Amino acid sequence: VRNQDIVFVVTQGGAYEASGRFVFMRGQIRLRGSLSPVDYRGTDFQHAIDVGLFDDVFAALVERKPSGEWTVDDYTIGATDVPWVDWDTRYGAPTAIFR
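My aim in this report is to walk through the structure given alongside it, one point at a time.

Rules used throughout
- Residues numbered from 1 in each chain as written.
- Predicted model: local features only at pLDDT ≥ 70, side-chain atom pairs only at ≥ 80, totals over all residues.
- Heavy atoms only, no water.
- Helix = DSSP H or I, 4+ residues; strand = E, 2+ residues; numbered from the N terminus.
- Buried < 20%, exposed > 50% of the residue type's maximum accessible area, 1.4 Å probe, protein only.
- Contact = heavy atoms within 4.5 Å.
- Areas by Shrake-Rupley, 256 points an atom, 1.4 Å probe, with all protein chains shown as cover.

A tally of regular secondary structure across the chain gives two helices and five strands. Counting from the amino terminus, helix and strand elements in the chain follow one another as β-β-β-α-β-β-α. For the chain, the spread of C-alpha atoms along the principal axes amounts to about 40 × 30 × 25 Å. Split into buried and exposed, the 99 residues of the chain put 33% on the buried side. Contacts in the chain between residues far apart in sequence, at least 24 positions, make up 52% of those at least 6 positions apart. Here the chain has roughly 6300 Å² of accessible surface; of this, 52% comes from carbon and sulfur atoms.

So, about the environment of R99. Relative to the assigned elements, R99 resides in the segment after helix 2 (87-91). Along the sequence, R99 and D88 sit 11 residues apart, while their C-alpha atoms lie 12 Å from each other. Those residues in contact with R99 that sit more than four places away from it in its chain are A15, E17, F24 and R26.

Right, let's get into the environment of A48. Locating A48 in the fold gives a position in helix 1 (residues 46-50). Counting along the chain gives 32 residues from A48 to T80, while the straight-line C-alpha distance between them is 10.0 Å.

Dropping the structure here:
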């Protein structure tokens, strides 16, 4: 997604759930302004797109550390399955935020 001005869109069928120090987000990556789909040609995702194993979604687990800093514990782009299935146990996040 080099040289593309992108935004993470969590509306329109996405999800945003927060509990305690954790936030889970799911949605689409779009171009800023037009909200057009991102051009993934020439990226690491190209092969998955070519063989039909790329879904136009992202998911991320963000955590607020005791210092107040927000960090991304894990994320996925284009997954066709549910890679966050173990993020609750792996990162100690509440299971209820993953919907």
